[in-house]
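Here are the chains, one letter per residue:
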Amino acid sequence: MNEQSTDLRETVRQRYAAAAMKVSECSTACCGPEPVEVDENFGSALYAAEERDTLPVEAVAASLGCGNPTAVAELREGERVLDLGSGGGIDVLLSARRVGPTGKAYGLDMTEEMLALALANAAKAGATNVEFLKGTIEAIPLPAHTIDVVISNCVINMSTDKPAVFTEAFRVLKPGGRIGVSDVVADDALTPEQRAERGDYVGCIAGALSFAEYRAGLEAAGFTDVEITPTHPVADGMHSAIVRATKPPTAGSAHRAAELSDVCCGVNACCTPAETSADPALTVTEAKTASESGCRD
């Protein structure tokens, strides 16, 4: 990562750390926390009142997104969901309810203050099927082929390495998995310089991709069925949009086969107390059976 990218990431981190601290500090006041959204195009107003009313007020107040990805991702009972840039946890908590006790919702964030706020919100909500992870969306700390749905709310536009984000999302998704995100997208006619004139990077404007660039980035990572639907304007020629795409059902099969060929009978440390399946989607016994090696001990 070059120096400019490092500086931009630190600027983003500082902005969201400050937002988390504001919510946490105000929650102890008699009047409760104040929302941190910039205007009506961002924040908790984009969620239905019945959703907001069932969540801790701190999770609602910390909402800084440009949409409601849980409303468009078509989450189903039992699915495993990953929220990129989970902030105060509003989308993780809503996802956890949609996937139910047999499913799980992960939140990934790089900001300690936001992670602390999200954990506190999960405790207040009594959510037991959630887990928050510290890390960046360009290097997701989860195994490949373990997630059914990737969501995100106005975060990808702030990444300084969007191809890495798309590649990582593709990697962690199971074959047939999907993404459903809200993000800011620019008209194709706007140059990067013109986007920067309309707002700064940390304000979710300057770093936004155009419609064509977003589609090309997802397709380059391997996604198909890409749909980008604008919902409301956030600046001149800039839109909040719903982005959907799918990982093909057969994606990753050849890659996993190559990985398995490098280990004994599909298992790491085969026939030792430390043996584990090379494919996280399979048990050790299933991996050995699938390898057809004859090793079953």
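Residues numbered from 1 in each chain as written. Predicted model: local features only at pLDDT ≥ 70, side-chain atom pairs only at ≥ 80, totals over all residues. Heavy atoms only, no water.

## Here we look at the overall build of the protein chain
Worth spelling out the cut-off: Strands are runs of DSSP state E lasting at least 2 residues, helices are runs of H or I lasting at least 4, and numbering of each runs from the N terminus. When accessible area is computed with a 1.4 Å probe and restricted to protein chains, residues below 20% of their type maximum are described as buried, those above 50% as exposed, and intermediate ones as partly exposed. A contact between two residues is defined here by any heavy atoms of the two lying within 4.5 Å. For the accessible areas, the method is Shrake-Rupley and the probe is 1.4 Å, while residue cover comes only from the protein chains on display.
Tallying secondary structure elements over the protein chain gives 11 helices and 10 strands in all. Every one of the 297 residues in the protein chain was classed for burial, and the buried ones make up 52%. Pairs at least 24 residues apart make up 68% of the contacts formed inside the protein chain by residues separated by at least 6 positions. Surface exposure of the protein chain reaches about 13,100 Å², of which carbon and sulfur atoms provide 54%.

## Quick word on the confidence of the model for the protein chain
For clarity, the threshold we go by: The pLDDT value tells you how sure the predictor is about a given residue, anywhere from 0 up to 100.
On average, residues of the protein chain score 78 in pLDDT, and 62% of them are at 70 or above. This model gives residues 27–33 a pLDDT under 50, and the stretch forms 9 contacts once residues within four places in sequence are excluded. Under a pLDDT of 50 for its full length, residues 254–262 has, in the predicted model, 7 contacts with residues more than four places off or in other chains.

## A look at helix α6 (residues 112–125)
For clarity, the threshold we go by: Each residue after the first adds 1.5 Å to the expected span of a helix. Working note: the arc is built from the helix axis to C-beta atom directions.
For α6, with 14 residues, the first-to-last C-alpha span of 20 Å sits near the 20 Å given by 1.5 Å per residue. Inspection of α6 places Met114, Leu115, Leu117, Ala118, Asn121 and Ala122 among the buried residues, and these make up the whole buried set. When α6 is viewed along its axis, its buried side chains cluster within an angular range of 160° and face the same direction. Across from the buried face of α6, at angles greater than 90 degrees, the exposed residues are Leu119, Ala123 and Lys124. Gly126, located one to two residues past α6, shows a positive phi value of around 70°.

## Some details on the packing of aromatic side chains
Counted only if it meets this: Two aromatic rings from Phe, Tyr or Trp, using only the six-membered ring of Trp, form a pair when their centres are within 6.5 Å; if the ring planes differ by under 30 degrees the pair is stacked, by over 60 it is edge-to-face, and anything between is tilted.
Across all of its chains, the model carries 2 aromatic pairs by this definition. Seen in terms of ring centroids, Phe166 and Tyr214 are 5.4 Å apart; in terms of plane orientation they differ by 45°. Their pairing is tilted. Of this pair, Phe166 sits in helix α7 (residues 162–172) while Tyr214 sits in helix α9 (residues 211–221), placing them 48 residues apart in sequence. You can call Tyr214 buried: its relative accessible area is 1%. Where Phe170 meets Phe223, the ring centres are 5.2 Å apart and the plane angle is 90°; that geometry is what we call edge-to-face. Taken together, the residues Phe170 in helix α7 and Phe223 in the loop between α9 and β7 (224–235) connect sequence positions 53 residues apart.

## Topic: the nonpolar core
This is how it is decided: Only buried residues count toward a nonpolar core, which is a set of Ala, Val, Leu, Ile, Met, Phe, Trp, Tyr and Cys residues joined through side-chain atoms within 4.5 Å.
Core analysis: the biggest nonpolar cluster contains 32 residues, and Leu82, Val150, Tyr214, Leu218 and Phe223 have the highest contact counts within it. At the level of elements, β1 (80–84), β2 (104–109), β4 (147–153), α7, β5 (173–186), α9, β7 and β8 (238–246) are the ones that each hand at least two residues to this core. For Leu218, the contacting residues outside a window of four places in its chain are Phe166, Ile179, Phe223, Val226, Val243 and Ala245.

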